[in-house]
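A look at the structure
Below are the chains, spelled out letter by letter.
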Amino acid sequence: VFLAQRRVRELAGLVITPDQKMIHTALYSRLSLPQSLTSMPRAGSSGSGATRRGQLHLIAAKKNKRKEERKAQKRAETKALMEKRDEDKGKETSDTSAPSGPQPYEATATVMQSLTICGSYKDKTGEKLLDGTILVQEAAKALWNAPFVCASHDASDVFNYGNKAALSLWRLSWDEFVGLPSTKSAEDDESVQSERRELLDRAAKDGYIKDYSGIRQTSDGRKFKINGATVWTITDKDGKKTGQAVRFDTFSWLGDDGEEEEMIVREGGEIVPKKSIAADASSDMKAIPSAVEVAEASAAVEAQAAEVRRLKEEDGLDNSSPAVQAGVASLMEKKAVLADLEERIAAAADA
C-alpha cells in the first residue's frame, strides 16, 4: 500500500517530505519480494507461455514413459504365459502314449459296422454283445476295447472289422486286416479250409453257433486254437446275408511239440496268459487278512492303549515324558496296522 501511494505521488508530482521518504524506504526494504519472484515474468508475457509449454511437455513426456513401461510389462507377462503354455503342451505330448490322429473305430463306416455287429448278435442269440448299458455313441469304442476278440467279414468273405484284441491276435494293423480275405485267418490246408467253410455254412443256416473250437493262425504263421467261440450271420432287413462275425475271449497258443498255452483277453483288448490271471486272483485271496490277524491286531492296540494309560495314571507321567511319547508312537503304529487290515477286508468285500 505504501509503495503504491509513493508511486502515485511521484507520478502526480507531489512533494514527499524527508520523513515520508525515510518511512517509504524502510517499508520498501522490508516488503521487497525475493529475487526469484521479482524476476518472474508477468502474466501474459512471452516468458510465462514458454514456461507453461515446457511444463506441459515435461508432464506429457512422463505420461508417455509410464505408458511405454506398462506396455513393456504386459508384453513380458504375455511372453512368459505363452512360454509356459508351450512348455505344458510339450510335457503333455511327451507323457501321452496315445497315437496321434483318429482311432480306427472313430471312422463313420467303422461306427456303423460296430452297431451292425452288436445289433445282429442280439437278433441272432437274444443276448447283448456288450455288458452293461452302452449308449449308441459309445458302442464303437466299447466294442473296440472289449475283453474279447471280435471280427467280421462281408458276404465275399473279406474282413471289414477287427477290434483291438483281434488285430493284436493276428498281429496286423487296421489297414492290413481290413480288406484281407478271411481265408487267410486259417492255415492254407485243404482240410482246415474245408472245416472252416463247413462252420460258416452251418452258422448261415442256423443263424449262429456257439462253443466252436477250431485251429487258426496269425499273419506270421503261429497257430492257435479258438475256444468257446460264437459265430453268427449278419443279415439285412430283408434277411439277406451280408456277412458273418465271430466272438471269443480265450484261445491257446499251439507249440510244435503239442503244448498249449491258454490265453485270455482282458478289458481294453489286452491279451495275457490265463495263468497270470489265476495267479493274480490267488495272490489277492492270500492278501485278504484272516479273522485271527484282525483279532490279534485289535488286541495289540488295546494292550498298548492300556500301557499308555498306566504310565499317566499310575506313574504320574504327562505327555512331555519320553516314556509316554514312545508309548503313544507305538500305539499309533499298531492302530495303523489294524486300519490296513480292515481296509483290505473292505476292498475284498467290494470286489
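Read on for an overview of the structure. (Residues numbered from 1 in each chain as written. Predicted model: local features only at pLDDT ≥ 70, side-chain atom pairs only at ≥ 80, totals over all residues. Heavy atoms only, no water.)

1. Section: helix α6 (residues 136–144)
Stated formally: Each residue is placed in one exposure class: buried if its accessible area under a 1.4 Å probe, protein chains only, is under 20% of its type's maximum, exposed if it is over 50%, and partly exposed if it falls in between. Runs of H or I in DSSP of at least four residues are treated as helices and runs of E of at least two as strands, each being numbered from the N terminus. Taken from the helix axis, the directions to the C-beta atoms give the arc we talk about. Residues count as neighbours in contact if any of their non-hydrogen atoms are within 4.5 Å of one another.
If you check which residues of α6 are buried, you get Ala 139, Ala 140, Leu 143 and Trp 144. Along α6, the residues classed as buried sweep out an arc of 125 degrees about the axis, all on the same side. Buried residues along α6 sit against α5 (108–125), β1 (149–154), β2 (159–162), α7 (164–170) and α8 (174–177).

2. Quick word on a positive patch on the surface
What counts is decided by this rule: Patch definition: residues with relative accessible area over 30% and no salt bridge; like charges joined within 9 Å; nonpolar side chains (Val, Leu, Ile, Met, Phe, Trp, Tyr) joined within 5 Å. Note on areas: Shrake-Rupley with a 1.4 Å probe; residue coverage comes only from the protein chains shown. Salt bridge, as used here: a side-chain nitrogen of Lys or Arg that lies within 4 Å of a carboxyl oxygen of Asp or Glu. Charge counting treats Lys and Arg as positive and Asp and Glu as negative, with His and both chain ends excluded. Charge positions are represented by NZ for Lys, CZ for Arg, CG for Asp and CD for Glu.
A cluster of basic residues, Lys 62, Lys 63, Arg 66, Lys 67, Arg 70, Lys 71, Lys 74 and Arg 75, forms a positive patch on the protein surface. Tracing the backbone through its elements, the reader meets Lys 74 in helix α4 (residues 46–95).

3. Some points on the pairing of β1
Heads up, the rule is: DSSP bridges decide pairing: two strands pair if at least two such bridges lie between them.
Taken across its 6 residues, β1 has 5 buried, putting it largely inside the fold. With 6 bridges joining them, β1 and strand β5 (residues 241–248) adopt antiparallel strand pairing. Counterpart to Asp 154 in the pairing with β5 is Gly 243. Judged from the 3 bridges that link them, β1 and β2 form a sheet pairing that is antiparallel. Of the residues in β2, the one forming a bridge with His 153 is Phe 159.

4. A short note on the pairing of strand β6 (residues 250–254)
With 4 of 5 residues buried, β6 lies mostly within the body of the structure. For strand β4 (residues 223–235) and β6, the ladder comprises 4 bridges, and the chain directions are antiparallel. Within β6, the position partnered with Phe 224 by the bridge is Trp 253. Here β6 pairs with strand β7 (residues 260–266) via 5 bridges, running antiparallel. Bridging from a neighbouring strand, Ser 252 pairs with Glu 262 of β7. Hairpin connection between β6 and β7: a loop of 5 residues separates the two successive antiparallel strands, and Gly 258 in this loop has a positive phi of roughly 90 degrees.

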